[in-house]
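Coordinate analysis (summary)
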Amino acid sequence: MDFNVKKLASDAGVFFSRAMQFTEEKLGQAEKTELDAHFENLLARADCTKNWTEKILRQTEVLLQPNPSARVEEFLYEKLDRKVPSRVTNGELLAQYMAEAANDFGPGTPYGKTLIKVGETQRLLGAAERDFIHTASITFLTPLRNFLEGDWRTISKERRILQNRRLDLDACKARLRKAKAAEAKATLWNDEVEKAEQELRLAQTEFDRQAEVTRLLLEGISSTHVNHLRCLHEFVEAQSSYYAQCYQSMLQLQQQLGSSKGEIFSGTFVGNADSTSPLPATASPPAAAAGPLPAVPTIPVVPTLAGVPSTVAESVLNPSEVQPPASGTRKARVLYDYEAADSSELALLADELITVYSLPGMDPDWLIGERGNQKGKVPVTYLELLS
C-alpha cells in the first residue's frame with residue numbers, strides 16, 4: 001500500500017512538473033529544447049501523410065458507398081468484428097424491378113422484351129459494381145485503415161512520450177540553473193548541484209533514446225508511401241476493369257436494342273404496338289455511329305385529304321406539295337448525315353435542326369422533314385425529337 005501511495009505521489013509530481021514547464025514555455029518564461037530541422041521535417045511530413053490519408057480514405061468510402069446510413073452500418077459491423085451482410089446493389093434492384101414489370105406487361109411484347117434485355121444488363125452492371133467494391137476495399141481501403149489504426153497510433157504514442165521526455169529534460173535544466181544560482185549565493189550545498197546534474201544527465205539520455213526511436217518511426221513514412229502507391233495502382237486497375245465491363249455490357253445492350261428500333265418506332269408513332277415493319281435499307285443508321293435512342297413523343301399528323309384513302313395517301317402525295325399542320329409540328333435534331341435516295345427525300349446533315357411531322361398512312365419509319373423551303377421524307381432513326 002505504501003509503495004502504491006508513493007508511486008501515485010511521484011506520478012503526480014512528474015505530471016505537475018511537466019504541466020508547469022509546458023505552461024511557462026507557452027508564456028515565454030522558460031527555455032525549450034528545439035529539435036533539429038531534419039526531425040521537424042519528418043514530423044511535418046508524417047502529419048501531412050496522416051491528414052491526407054484520412055481524407056482520401058473517407059472520400060473513397062463515399063465513392064464506393066454513397067449511402068451514409070449504409071456506411072455507418074458497415075462501420076459498426078467492423079467494430080463489432082462481425083461479417084457485413086451482403087447488400088443488393090442499385091443495379092441489381094433495378095434489374096429485379098424490370099423483370100417483374102416485364103412479366104406484368106407481357107414478356108412477348110416489344111416493351112416487355114426490352115425490359116428483360118435492359119434488366120439483364122443492369123444485373124451485370126450491379127454484379128460488376130459489387131466485385132469492384134469488394135476488390136477496392138481489400139486492395140486500397142484496408143491498407144489505408146491499417147496505417148491509421150496501426151502505424152500512426154504507434155507514431156503518435158512515441159511522439160507523446162518524446163514530448164514528455166523533452167519537458168522532463170527542460171525541467172531538469174531549469175532546476176540545475178536554479179541550483180547553481182543558489183550555490184553562488186552559498187545557500188545550497190554542493191551535493192544539491194550534483195544531484196541536479198545527475199538528474200539532467202539521466203533526462204538527456206532518456207530524451208535522446210526516445211528521439212531516436214521516434215525518428216526511426218517517422219522515417220518509415222517513406223515505406224508507407226511506397227506501399228500506398230502500390231495500393232493506388234491496384235485501385236486504378238480495379239476501377240478500370242469495372243468501367244471496361246460496364247462499357248462492354250452497355251455496348252452489347254445498345255447493339256441488341258438497335259436491331260429492334262424499327263419495331264419500337266413503328267409502335268410509337270402510329271399507335272400500333274404490334275407493327276413489325278423492318279427498317280428500310282436506306283434508313284439504317286451507320287453501325288459505327290451508334291447513339292442514344294431518339295425521344296419518342298407523338299408526331300402530329302396532317303389530316304387526310306378529302307376523297308383520298310389514308311392507306312394510299314403516301315403513294316398519291318408528293319411530299320414537296322404537302323402543307324404542314326397548322327400547329328403541333330416538332331423540331332428534331334439530326335443524328336447522322338443522310339444522303340437522299342430520290343427527289344422525294346430530304347438530305348440531312350448531322351446536328352442540324354429541322355421541322356418534322358407525319359402523314360396518314362405513311363411508313364412509320366419515315367416522317368416529313370422541312371428545312372427552309374426544302375421538304376421531303378426523312379428516316380426516323382436518323383432523328384432525335386426535341387420537346
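Residues numbered from 1 in each chain as written. Predicted model: local features only at pLDDT ≥ 70, side-chain atom pairs only at ≥ 80, totals over all residues. Heavy atoms only, no water.

**Remarks on the overall build of the chain**
Tallying secondary structure elements over the chain gives 9 helices and 5 strands in all. Taken over 387 residues, the chain has a buried fraction of 35%. The long-range fraction of contacts in the chain, counting pairs at least 24 apart against all pairs at least 6 apart in sequence, stands at 72%. (Helix = DSSP H or I, 4+ residues; strand = E, 2+ residues; numbered from the N terminus. Buried < 20%, exposed > 50% of the residue type's maximum accessible area, 1.4 Å probe, protein only. Contact = heavy atoms within 4.5 Å.)

**Here we look at the pattern of salt bridges**
For the structure on display, the rule yields 18 salt bridges. Note that Lys 375 is salt-bridged to Glu 370, the shortest N-O span being 3.6 Å. The class for Glu 370 is buried, based on a relative accessible area of 16%. One salt-bridge network, held together by shared partners, links Arg 58, Glu 61 and Arg 145. (Salt bridge = Lys/Arg side-chain N within 4 Å of Asp/Glu carboxyl O.)

**Points about the packing of aromatic side chains**
Inspection of the entire model under this criterion finds 9 aromatic pairs. Judged by centre distance (5.3 Å) and plane angle (25 degrees), the ring pair of Phe 105 and Tyr 111 falls under stacked. What makes Phe 105 partly exposed here is its relative accessible area of 48%. Centre to centre, the rings of Tyr 338 and Tyr 382 are 5.2 Å apart; their planes meet at 65 degrees, and the pair counts as edge-to-face. (Phe/Tyr/Trp six-rings, centres within 6.5 Å; stacked < 30°, edge-to-face > 60°.)

**As for the pairing of strand E4 (residues 374–379)**
Burial analysis of E4 places 5 of its 6 residues in the buried class, which makes it a mostly covered element. Bridging between strand E3 (residues 366–371) and E4 involves 6 bridges; their strand directions are antiparallel. Of the residues in E4, the one forming a bridge with Trp 366 is Pro 379. Adjacent in sequence and paired antiparallel, E3 and E4 are bridged by 2 residues, among which Gly 372 carries a positive phi angle near 65 degrees. (Pairing = 2+ DSSP bridges.)

**Topic: the packing of helix H2 (residues 37–64) against helix H6 (residues 190–219)**
Contact geometry of H2 with H6 gives a least axis separation of 9 Å together with a crossing angle of 50 degrees. When the axes of H2 and H6 are compared, the pair comes out oblique. The crossing of H2 and H6 is left-handed. Mapping the contact onto sequence places His 38, Phe 39, Leu 42, Leu 43 and Ala 46 in H2 and Ala 211, Thr 214, Arg 215, Leu 218 and Glu 219 in H6. Of the residues belonging to the contact of H2 with H6, the class tally is 6 nonpolar, 2 polar and 2 charged. (Axes fitted to C-alpha atoms, helices over the stretch in contact; angles between N-to-C directions. Parallel < 35°, antiparallel > 145°, perpendicular 65-115°, else oblique. Left-handed = near helix turned anticlockwise from the far one by under 90°. Nonpolar A, V, L, I, M, F, W, Y, C, P; charged D, E, K, R; others polar.)

**Quick word on the confidence of the model for the chain**
Any region with low pLDDT has predicted coordinates that should not be read closely. When pLDDT is averaged across the chain, the result is 81; 77% of the residues are at 70 or more. Taken element by element, the chain is modelled with least confidence in helix H9 (residues 313–316), mean pLDDT 42, and with most confidence in H2, mean pLDDT 95. Throughout residues 266–283 the model reports pLDDT below 50, and contacts reaching past four residues in sequence, or to other chains, amount to 30 contacts. For residues 288–299, every residue scores under 50 in pLDDT, and the model assigns this stretch 30 contacts once sequence neighbours within four places are set aside. (pLDDT = per-residue confidence, 0-100.)

**Describing the layout of surface pockets**
In this structure, the largest pocket encloses a volume near 1300 Å³. Taken together, 35 residues make up the lining of the largest pocket; nearest its centre are Glu 74, Glu 78, Val 84, Ile 133 and Ser 137. The set of elements that each furnish at least two residues to the lining of the largest pocket consists of H2, helix H3 (68–79) and helix H5 (110–184). Of the residues forming the lining of the largest pocket, the biggest block, 12 residues, is contributed by H5. Of the residues contributing to the lining of the largest pocket, the split by class is 13 nonpolar, 8 polar and 14 charged. (1 Å grid on protein atoms, 1.4 Å probe; cavity = no way out; pocket = protein on both sides within 12 Å on 5 of 7 lines; lining within 4 Å. Points joined across faces, edges and corners; volume = space filled by probe spheres on them.)

**Observations concerning the packing of H2 against helix H7 (residues 221–258)**
Relative to each other, H2 and H7 sit at 20 degrees, their axes nearing to 12 Å. Here H7 runs roughly parallel to H2, going by the angle between their axes. For the element pair H2 and H7, the recorded crossing hand is left-handed. Every residue of H7 that contacts H2 at Arg 45, Ala 46, Thr 49, Thr 53, Thr 60 and Leu 63 is listed here: Ile 221, Ser 222, His 225, His 228, Phe 235 and Gln 239.

**With respect to H3**
For H3, with 12 residues, the first-to-last C-alpha span of 17 Å sits near the 16 Å given by 1.5 Å per residue. Among the residues of H3, the N-terminal cap falls to Asn 67, whose side-chain oxygen and the backbone nitrogen of Ser 69 are separated by 2.9 Å. Remark: Asp 81 follows H3 within two positions and exhibits a positive phi of approximately 55 degrees. (Expected span 1.5 Å × (residues − 1). Polar contact = N/O pair within 3.5 Å; in protein donor to acceptor, adjacent residues only side chain to side chain.)

**Concerning a nonpolar patch on the surface**
Taken together, the side chains of Val 72, Phe 75 and Leu 76 define a hydrophobic patch exposed on the protein surface, amounting to about 280 Å² of accessible area. Exposure remark for Phe 75: the relative accessible area of 45% places this residue in the partly exposed category. (Patch = residues over 30% accessible without salt bridge, like charges linked within 9 Å, V, L, I, M, F, W, Y side chains within 5 Å. Areas by Shrake-Rupley, 256 points an atom, 1.4 Å probe, with all protein chains shown as cover.)

**Observations regarding the side chain of Thr 53**
Examined against the element boundaries, Thr 53 turns out to sit in helix H2. Take Thr 53: its relative accessible area is 6%, and that puts it in the buried class. Sequence-distant contacts of Thr 53, that is, excluding residues within four places in its chain, are made with Leu 144, Phe 147, Leu 148 and His 228.

**Some details on the nonpolar core**
In summary, soluble globular proteins display a tendency toward joint burial of nonpolar side chains. Among the nonpolar cores identified, the biggest contains 35 residues, and Phe 39, Phe 132, Phe 140 and Leu 218 are the most heavily contacted of them. Secondary-structure elements contributing two or more residues to this core are H2, H5, H6 and H7. No other element matches H5, which puts 16 residues into this core. Those residues in contact with Phe 132 that lie beyond four places of it in its chain are Leu 64, Phe 235, Ala 238, Gln 239 and Tyr 242. Membership of the second largest hydrophobic core comes to 20 residues, among which are Ala 332, Leu 346, Tyr 357 and Leu 385. (Core = buried A, V, L, I, M, F, W, Y, C linked by side-chain atoms within 4.5 Å.)

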